[in-house]
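# Architecture and fold: a report
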Amino acid sequence: MESIVLEFEHVTGKSGKFRLSDISFALPAGYMMGLVGKNGAGKTTCLKYIMRENTLYTGSIRIDGRDRLERGASFRNQVGFVSEDNVFFEERTGAQNVELLKNFYDHFDRELFSETMKRLEVSSGKSYYKMSRGERMKFQMAFAMAHHPKLYLLDEVTAGMDPVFRVDCFKLLHEVIEQEDAAVLMTSHIESEMKKQMDYIGILEQGKMTYFGENKDEIWDA
């Protein structure tokens, strides 16, 4: 029986001017799910509901079988978040950020972080604010992997990136979900990327999920 890493059950609520209405889906371990939709459809709002402790909604969000609201601060061990909106210490180097933040995680693997940074060819000695967008995304991937989350949340990570970065990114993600029995939820405006890389697709329109299921050609032809 497949273990469910992330489950939304009739989730309804509002974040700023964006609203979600009766969102339900289940993402099993070992798979990647793409959230697609126009700007304002609710993609980033879905991620915010998972990440922000003070977000108000009805329904249930479960991570690895436990309700999101019951986890408290411990949920950070289960979620690896990669996004331009993710906050790190701008004046500190990658290595210094790790030293300052690693104790918030129960099983942070400093060696794995260093190995992944080397593999992605990013310097740990560079200040975060001096990193390019691509370097920041790679740093965040290395940081996320180092605390062995069950769920990876990627918000427009590959937007504006070169093809080599995209290939490396997805190669790494496929390795991670197979080795760690984890899952990936990703937003992207790059339709070709979603068609090729995702196992499941969720289509959002004005805060409603009009489709959730396996990634099929007919979804994109509609």
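Look above for the structure.
The structure reproduced in this document is the subject of the present report. (Residues numbered from 1 in each chain as written. Predicted model: local features only at pLDDT ≥ 70, side-chain atom pairs only at ≥ 80, totals over all residues. Heavy atoms only, no water.)

## Notes on the sheet that holds strand β9 (residues 200-205)
In space, the six strands of this open sheet follow the order β6-β7-β8-β3-β9-β10, with mixed pairing throughout. Sheet topology places β6 (79-83) and β10 (208-214) at the edges, where each strand pairs with a single neighbour. With direction set aside, neighbouring strand axes in the sheet form an average angle of 15°. With four bridges joining them, strand β3 (residues 32-36) and β9 adopt parallel strand pairing. (Pairing = 2+ DSSP bridges. Helix = DSSP H or I, 4+ residues; strand = E, 2+ residues; numbered from the N terminus. Axes fitted to C-alpha atoms, helices over the stretch in contact; angles between N-to-C directions.)

## Topic: the packing of aromatic side chains
In the structure shown here, the tally under the stated rule is 14 aromatic pairs. With 5.5 Å between their ring centres and 75° between their planes, Tyr31 and Tyr200 make a pair best called edge-to-face. You can see Tyr31 sitting in the loop between β2 (18-28) and β3 and its partner Tyr200 sitting in strand β9, a full 169 residues away along the chain. Residue classification places Tyr200 among the buried positions, given a relative accessible area of 15%. The interplanar angle of 45° and the centroid separation of 5.4 Å between the aromatic rings of Phe88 and Tyr128 together place this pair among those described as tilted. Of the two residues, Phe88 is situated in the loop between β6 and α3 (94-101) and Tyr128 in the loop between α4 (110-119) and α5 (133-146); the sequence distance between them amounts to 40 residues. Each member of the pair Phe88 and Tyr128 is classed as buried. Site record: aromatic cluster; members linked through ring pairs are Phe88, Tyr105, Phe108, Phe113, Tyr128, Phe139 and Phe143. (Phe/Tyr/Trp six-rings, centres within 6.5 Å; stacked < 30°, edge-to-face > 60°. Buried < 20%, exposed > 50% of the residue type's maximum accessible area, 1.4 Å probe, protein only.)

## A look at the sheet that holds strand β5 (residues 66-67)
Judged by pairing direction, the sheet is antiparallel, and its four strands sit side by side in the order β2-β1-β4-β5 without closing on themselves. Of all strands in the sheet, those bounded by a partner on one side alone are β2 and β5. Of the pairings in the sheet, the one linking strand β1 (residues 4-15) to β2 comprises eight bridges and is antiparallel in character. When the bridges of β2 are listed, Ser15 appears paired with Phe18. This element, helix α1 (residues 43-51), spans β1, β2 and β4 (57-63) of the sheet and lies at about 105° to β1. (Contact = heavy atoms within 4.5 Å.)

## Things to note about the pattern of salt bridges
One side chain can pair with another of opposite charge once the charged atoms of both are near each other. Evaluation of the coordinates by the stated rule reveals nine salt bridges. Linking Arg62 and Glu7 is a salt bridge whose minimum nitrogen-to-oxygen distance equals 3.2 Å. Linking Arg62 in strand β4 with Glu7 in strand β1, this pair joins segments that are 55 residues apart in sequence. A residue is classified by how much of its surface remains accessible, and Glu7, at 24% relative accessible area, is partly exposed. (Salt bridge = Lys/Arg side-chain N within 4 Å of Asp/Glu carboxyl O.)

## Topic: α4
Burial in α4 covers these residues: Leu112, Phe113, Thr116 and Met117. Down the axis of α4, the buried set is contained in an arc of 135°. They therefore lie on one face. The exposed residues of α4 that point more than 90 degrees off its buried face are Glu111 and Lys118. Buried residues in α4 make contact with α3, α5 and α6 (163-180). (Arc of directions from axis to C-beta.)

## Some remarks on the nonpolar core
In this structure, Phe113, Phe143 and Leu154 are the most contacted members of the largest nonpolar core, which totals 42 residues. In terms of residue count, α5 provides more of this core than any other element does, eight residues in total. Ignoring any residue separated from it by four or fewer positions in sequence, one finds Leu154 in contact with Leu47, Val82, Met141, Leu173, Val184, Leu185, Met186 and Thr187. Counting residues in hydrophobic clusters, the runner-up holds 29 residues, among them Leu20, Ala29, Leu185 and Tyr200. (Core = buried A, V, L, I, M, F, W, Y, C linked by side-chain atoms within 4.5 Å.)

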